[in-house]
Structures are given as structure tokens and as C-alpha cells.
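# Results of the structural survey
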Amino acid sequence: MATINITGNATQTKKFEILVCSPDWVGDIKLQSISFSAVSILLSITATLGNSLILIALHKESCLHPPSKLLYRCLATTDLLVGLVCQPHYAIYRISLVHEHWSLCRYANYAVSITSYTLCGISLVTTAAISVDRLLAMLLGLRYKEIVTLRRTYIILAIVWVTCLVTGLFFLLNYSITFWCIRIGIPFCLLISIAAYTKIFRALRHHQAQIQDHAQQQPSHPNAMNMARYRKAVYSALWVQLALVVCYIPQFTVRIGISRTKQSSNLLIFLGIANILAYFNSTLNPLLYCWKMSGVRRAVKQTIRQAFCYA
């Protein structure tokens, strides 16, 4: 019975994706489409510039463990692709609605859907991997650098990229598979992150008294310094995780509404607002990196100064 419901919801969502490029609703959403396209272009520029700076800064940053740096580079790359690919196509899709170019509208809508599903999946899995990476750094101790290697991280991320790309392409072939992967994948990634951070903060609270004693008696004690750096790294990762969840929850909620309620032009407006908020995450992340990661912040400032000097 559950399989039938999932298939039915997926079919209804697929019909909605087709209806968005038809003259039935365009008269009600022309003004909103112009606004959405303008905001999308603005966010595309900020996401592209911001994440390009972050990738350059991460290349210069030497304090992070290479596998951890690779995970953040992967996340910044997905955000960069959102700015370079998703948001321009989304702007084209909205403008084609206004001018009633239906063939261009369908092409742009398919491009947005495939790239959005793919990159959103990669971002979700990567943030979950960052939380697991922080947990392993605590549990493994000195063995962490031996077990969590750059080669293994590359292999895991390659599998993630291929899997998410195939899932996104199934949007054209069999949308029910993409729909099913979304319904299972999002809660699974969030549960992994919640479990990892819960275990981390329980361990931090358990050792807090000992750390405070060491800090008071020997402020420069290596264990106290390492734990302080570790706690800072955990909070940095947690802020990125929370930003992703907050920005994507509205889109996930509207998608559920599309699959379960009567379809109307109002849903298309709500989906547009949710999409813009999800795209905003790609602009927000570089700001979080600069705010919470001092090494990245210094590298970004240095890159900007060098760019102005050469100019």
C-alpha cells in the first residue's frame, strides 16, 4: 500500500512539473516570475564570486586536515555550480514563462530540476560526511589521520557525485525513483548528522570539567588547545549544517504539498519563494566560512588584497 501511495504522489508531482510550462497559470504569476528571475540572477553572481573566493582560500589554508579540507571544497564546489548552472537556468525558466516560450521553458525547467536534485543531494551527503568526520576525529584520536585519508575521501566523494547525478537524471526517465530517493535520502542524511553531533556534544560535556581544570592550571596545555580547536571546528560545521537545513526545509515542505494537495498557481509562487531561499544557501555558506573559520577568513582577505593590487 505504501508503494502505491509513493508512486501516486510522484506522478502528481511530475504532472505539476509539466503544468508549470503551460499557459494555464502564466497569467497569474508574471509579476512574481520577473521578481524571482531578478533575485536569482543577483544570487547567482554572489554565489559564484563568494564560492570562488572560498575555493581559492581553501587551497591556501594549511591548518585543516586534507580530508576535512576536501569535504569543504566539495561543498563549495556544489555551491559554485548552483551559482553557475542552477540559478541562471532558473532565471531563464522564469523569463520564458513571462514571454510564453514554452519549449525554452520546458528545457530550462528540466535543467533546473536535474541540477538542483543532483547538487542538493551532494550537499546533503557532504554535510553529513563532515559531521561524521568531526565525530571520527574525536573517537579515533591519533589514529584519525591514518584511517581518514585523502584517497579514501576522494573515493567516497566520487561515489556520492556519481550516485547523485544518476538520481538527478532519473527525473527524465522515471521520476518515481528520484522521488523515492529524495524521501529516503534527506531524512537519512539528517539522522546521521543529528546522531553524530549528539554524540560529539555529549562527549564534550563529559570532558568539559577536565578541560576547564587544564585551562586554568596550564593555559597553554596541548590537550586544552587541541580540544579548543576541535570545538571550534565542530561549531563551524554545525553552523553550515543548520544553514542548509533552514534554507532547504521550505522547499521540501512545498514539494510535499505539491504531491498531496490540489495543484494551483499559488503553489508555483510558494515553490518560487522556497527555491530562492534554497539558492540563498549557496551565498550564505561563504559568509559562514569567513565568520567561523579564521584561517579561511585570512586567506580570503589576502586574496582580495592581491586582486586589488594586481588590478
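Residues numbered from 1 in each chain as written. Predicted model: local features only at pLDDT ≥ 70, side-chain atom pairs only at ≥ 80, totals over all residues. Heavy atoms only, no water.

Operational definition: UniProt positions are given in the numbering used here, feature names are shortened, and annotations may be inferred rather than shown by experiment.
Looking at an unreviewed UniProt entry, one finds the protein chain named G-protein coupled receptors family 1 profile domain-containing protein and attributed to Pocillopora meandrina. According to the UniProt record, the Subcellular location (unreviewed entry) comment for the protein chain is "Cell membrane".

### Some details on helix α4 (residues 102-140)
Rule in force here: Labels follow the DSSP assignment, with helices taken as runs of H or I lasting at least four residues and strands as runs of E lasting at least two, numbered in each case from the N terminus. A helix is expected to span 1.5 Å multiplied by its residue count minus one.
For α4, which comprises 39 residues, the first-to-last C-alpha distance of 56 Å matches the rise-based estimate of 57 Å (1.5 Å per residue) to within 8%. Once α4 finishes, G141 follows within two positions and takes phi at roughly 60°, a positive value.

### Comments concerning the pattern of salt bridges
Using the following cut-off: Think of a salt bridge as a Lys or Arg side-chain nitrogen and an Asp or Glu carboxyl oxygen that are within 4 Å of each other. Three exposure classes are used, based on accessible area relative to the maximum for each residue type with a 1.4 Å probe and protein chains only: buried under 20%, partly exposed in between, and exposed over 50%.
Counted under the stated rule, the structure contains one salt bridge. Residue R134 is joined to D133 by a salt bridge in which the shortest nitrogen-to-oxygen separation is 2.9 Å. Assigned by exposure class, R134 and D133 land together as buried.

### Here we look at the packing of aromatic side chains
For the record, the criterion: When two rings of Phe, Tyr or Trp (its six-membered ring) have centres within 6.5 Å they constitute a pair, described as stacked for plane angles under 30 degrees, edge-to-face for angles over 60, and tilted for the intermediate range. Whether a charge lies above a ring is judged from NZ of Lys or CZ of Arg, which has to be within 6 Å of the ring centre and within 35 degrees of the ring normal.
What the rule picks out here adds up to five aromatic pairs. Taking 5.8 Å as the distance between ring centres and 50° as the angle between the ring planes, the aromatic pair formed by Y90 and Y93 counts as tilted. Residue Y90 and its partner Y93 are both found in helix α3 (residues 66-99); the two are separated by three residues, about one turn of the helix. For the pair shown, Y90 and Y93 are each scored as buried. Owing to a relative accessible area of 1%, Y90 belongs among the buried residues under this scheme. The structure contains a cluster of three or more aromatic residues connected by ring pairs, namely Y90, Y93 and Y279. Taking NZ or CZ as reference, K292 lies 4.6 Å from the ring centre of W291, over its face.

### Some remarks on the layout of surface pockets
Sizing a probe to match a water molecule and rolling it over the atoms shows the empty space that remains. Put simply, the test is: Points on a 1 Å grid, built from protein atoms alone, make a cavity when a 1.4 Å probe fits but cannot get out and make a pocket when they are open with protein on both sides within 12 Å along at least 5 of 7 lines; residues with an atom within 4 Å of a point are the lining residues. Grid points are joined across faces, edges and corners, and a volume is the space filled by probe spheres set on the points. For this classification, Asp, Glu, Lys and Arg are treated as charged, while Ala, Val, Leu, Ile, Met, Phe, Trp, Tyr, Cys and Pro are nonpolar and the rest, including Gly, are polar.
By volume, the second largest pocket is sized at about 850 Å³. G121, L124, C181, I182 and I186 are the residues nearest the centre of the second largest pocket, which is lined by 39 residues in total. Within the residue set of the lining of the second largest pocket, elements represented by two or more residues are α3, α4, α6 (150-173), α7 (175-217) and α8 (222-260). Counting residues per element, the lining of the second largest pocket draws most heavily on α7, at 14 residues. A per-class count over the lining of the second largest pocket returns 29 nonpolar, eight polar and two charged.

### Section: the UniProt feature "transmembrane region" (unreviewed entry) in the protein chain
Feature annotation in UniProt places "transmembrane region" (unreviewed entry) on residues 34-58, 110-132, 153-171, 177-197, 233-252 and 267-291, given in this structure's numbering. Span residues 110-132 is 100% helix and 0% strand, its end C-alpha atoms 33 Å apart. Along residues 233-252, the helical share is 100% and the strand share 0%, with 28 Å between the first and last C-alpha atoms.

### Comments concerning the side chain of H89
What counts here: Two residues qualify as a contact provided that any one of their heavy atoms is within 4.5 Å of a heavy atom in the partner residue.
With respect to the helices, strands and loops of the structure, H89 is situated in helix α3. Under the relative-accessibility criterion, H89 is labelled buried at 18%. The contacts of H89, once residues within four sequence positions are left out, are Y107, A108, A111 and V112.

### Describing the nonpolar core
Selection criterion: Residues belong to one nonpolar core when they are buried, are Ala, Val, Leu, Ile, Met, Phe, Trp, Tyr or Cys, and are joined through side-chain atoms within 4.5 Å.
Membership of the largest hydrophobic core comes to 51 residues, with the highest contact counts inside it found for Y93, Y289 and V296. Those elements that place two or more of their residues in this core are α2 (26-60), α3, α4, α6, α7, α8, α9 (265-292) and α10 (294-310). For this core, the element with the highest residue contribution is α3, accounting for 11 residues. Not counting residues up to four positions away in its chain, the partners in contact with V296 are I54, A57, L58, E61 and Y289. Among the nonpolar cores identified, the runner-up in size contains 12 residues, and L124, A128, A243 and C247 belong to it.

### So, α3
Using the following cut-off: Bend is computed residue by residue as the angle between axes fitted to the seven residues ending at the residue and the seven residues starting at it.
An ideal rise of 1.5 Å per residue puts 50 Å on 34 residues; α3 measures up with 48 Å between its terminal C-alpha atoms. In α3, a bend of some 40° at V82 exceeds every other bend along the element. The buried count for α3 comes to 24 of 34 residues, which makes it a mostly enclosed element. One or two steps after α3, the chain reaches E100, where phi turns positive at roughly 60°.

### Some thoughts on the side chain of T153
Turning to its location among the elements, T153 is positioned in helix α6. For T153, a relative accessible area of 9% corresponds to the buried category. Apart from the residues within four sequence positions on either side, T153 is in contact with P67, L70, L71 and V148.

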